[in-house]
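# What the coordinates show
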Amino acid sequence: MSRKLHLAVAVYGVGGPGQHGLWKDPRVPKDASVDINYYIKTAQVAEQALFDALFIVDSQFINASYPSHYLNRLEPLTLLSAVATHTTHIGLVGTASSTYNSPFNLARRFASLDHISGGRAGWNVVTSFDTGTSKNYGLDEHLDYATRYGRAMEAVQVIRGLWDSYEDDAFVADVERNIFLDPARLHALNHVGEHFKVAGPLNIARSRQGQPVIFQAGVSEDGRNLAAHVAEGIYAPGGTLTEAQEYYHDIKRRAVALGRDPGHVVIFTGASPVVGGTDEEAAQLSHDSYEADNEFDRKLGFLGRAFGAYDFSQHDLDAPFPDVAHLAEKGGRTRGLELVRRAREEGLTLRQVVETVTEYHPSPFTGAPDTVAGAIADWFGAEAADGLNLRFRTIEDLERFAGDVVPLLQKRGIFRTAYEGDTLRANLGLPFPVNRYALERQAAERERAQASA
Ligand SMILES: Cc1cc2nc3c(=O)[nH]c(=O)nc-3n(C[C@H](O)[C@H](O)[C@H](O)COP(=O)(O)O)c2cc1C
């Protein structure tokens, strides 16, 4: 079977990271991030264009300097449940932290979304970037990387175990024989591990796709290791074509080394296309957006996020970049330490760091529709991505991409012309996870049959 491109759309309402001026755009309702109709409309446009998934990122700590969308937004599973009832095919991927949730609760909520949506749920497993989240959950300190990712790995194992509590034929519902449930098809997990102790069973059956799809986002060594072990989809950060290829091959190599089929780890690279009538018009649109977001104070405020929401405004902008490496150890270590290294090596002041990390780099997917479709085909062909997680500034921009670029991707034969199925798994080309207890029983039955033959 030939490889097919996948597309997701990530919603950032009034403006996610870096989109400091977006809330002022007259096309964006000032309450977009808490207006369920905004998400429903986005999902419907994306579904019309045959996108694989609507992707909802999340966080649970803010201060006033955070991106506009983060300041006032809906909880992912609540919003996706509402979107589910207004869509039929598009996958619904919600971000939830394995650091600040109990596995039983997560298993139950995602299984519920999977039922409500008819088998379209996905869980984006994150370990929480913001160190301040700990204080919202009764902990003085954010857990360190090893503990957070250890918990993430074990949480996924526990949750998958809980999702298998009922075999698919457990509910007999036979009125004549007065049997609602076959108790032999109900299983307690009785998990005791390093981080969790969970008895089970979970009080909800499997959905049409068996289990929700596991996504992952996080690029450290621990993050890549988690992805290779458990992720079926990945939200990858992007960057240059070469960086994306390096990441892509590293993840696929790790998955293969663990005996997994690399085709069953679908890598969605983050991308922000800018489509214009001509290449020149798109270049101008891209530059205009950069200028709309180019507010020094907000850029300075956002720089603090990787360092535990550190307030850099207390420092002299023209003095050498302050020594804050230790503040990134637990939160945004990958990005934070890279930034500190660069500041040291290049001898940058605080002002220069802000300007360097936010300097103008147009998206590689900027241009007339044919240029954008060509660039996407190139990235896909060069194995820099299996799919793209697209970020648009407005619903109108998504509509333009859907109307002008998607047909060109279809013409090139890399994007579907109809949904393959009506579950997220079916559309991502992922296998149906057979219930573990049913598998055990089948294996035992085979052994018995062989022994008696
Ligand atoms: C592309 C991408 C998207 C992410 N999205 C989220 C998110 O929505 N919420 C969150 O708490 N963390 C998010 N993370 C952060 C990771 O879950 C992780 O906690 C953090 O990046 C630190 O881990 P890392 O160094 O492995 O990337 C994201 C990371 C990446 C690379």
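Below or above, wherever it landed, is the structure these notes cover. (Residues numbered from 1 in each chain as written. Predicted model: local features only at pLDDT ≥ 70, side-chain atom pairs only at ≥ 80, totals over all residues.)

Now for the nonpolar core. Most often, soluble globular proteins have nonpolar side chains that are buried together. The biggest cluster of nonpolar side chains holds 100 residues, and the ones touching the most others in it are Ala-8, Val-9, Leu-54, Phe-55, Leu-92 and Ile-234. Of all the elements, helix α5 (residues 145-163) adds the most residues to this core, at eight residues. Every residue in contact with Leu-54, bar those within four places of it in the chain, is listed here: Val-9, Val-11, Thr-42, Ala-43, Ala-46, Val-83, Ile-90, Leu-92 and Val-93. Grouped together as the second largest cluster of nonpolar side chains are 14 residues, Ala-306, Phe-307, Val-353 and Val-354 included. (Core = buried A, V, L, I, M, F, W, Y, C linked by C-beta atoms within 7 Å. Buried ≥ 20, exposed ≤ 12 C-beta atoms within 10 Å, placed from the backbone. Helix = DSSP H or I, 4+ residues; strand = E, 2+ residues; numbered from the N terminus. Contact = placed C-beta atoms within 7 Å.)

Near the ligand you find 21 residues, and of these Val-57, Val-126, Gly-218, Ser-220 and Gly-223 are the closest. Elements supplying a minimum of two residues to the shell around the ligand: β3 (91-97), α6 (221-230) and α10 (333-346). The residue makeup of the shell around the ligand, split by class, is seven nonpolar, 11 polar and three charged. (Near = placed C-beta within 6 Å. Nonpolar A, V, L, I, M, F, W, Y, C, P; charged D, E, K, R; others polar.)

Moving on, we come to the sheet that holds strand β11 (residues 266-271). Picture the strands of a sheet paired through backbone hydrogen bonds; they go either parallel or antiparallel. Strand order in the closed barrel formed by eight strands is β1-β2-β3-β4-β9-β10-β11-β14, and the pairing between neighbours is parallel. Across the sheet, the axes of successive neighbouring strands diverge by a mean angle of 25 degrees, strand direction being ignored. Where strand β10 (residues 233-236) lies against β11, four bridges are found, and the strand directions are parallel. By the bridge assignment, Gly-233 is partnered in β11 with Val-266. (Pairing = 2+ DSSP bridges. Axes fitted to C-alpha atoms, helices over the stretch in contact; angles between N-to-C directions.)

Our focus in this paragraph is the packing of helix α4 (residues 103-116) against α5. Where α4 contacts α5, the axes come no closer than 9 Å and their chain directions differ by 55 degrees. What the angle tells us is that α4 and α5 run oblique. When the axes of α4 and α5 are compared, the crossing they make is right-handed. Every residue of α5 that contacts α4 at Pro-103, Phe-104, Leu-106, Ala-107 and Ala-111 is listed here: Ala-155, Val-158, Ile-159, Leu-162 and Trp-163. Here the residues of the contact of α4 with α5 are counted per class, giving 10 nonpolar, no polar and no charged. (Parallel < 35°, antiparallel > 145°, perpendicular 65-115°, else oblique. Left-handed = near helix turned anticlockwise from the far one by under 90°.)

What follows covers the environment of His-69. Structurally, the position occupied by His-69 is in helix α2 (residues 68-71). Separated by 36 residues in sequence, His-69 and Ser-33 place their C-alpha atoms 5.9 Å apart. Here His-69 is in contact with Tyr-12, Gly-13, Val-14, Gly-15, Gly-16 and Ser-33, once residues within four sequence places are set aside.

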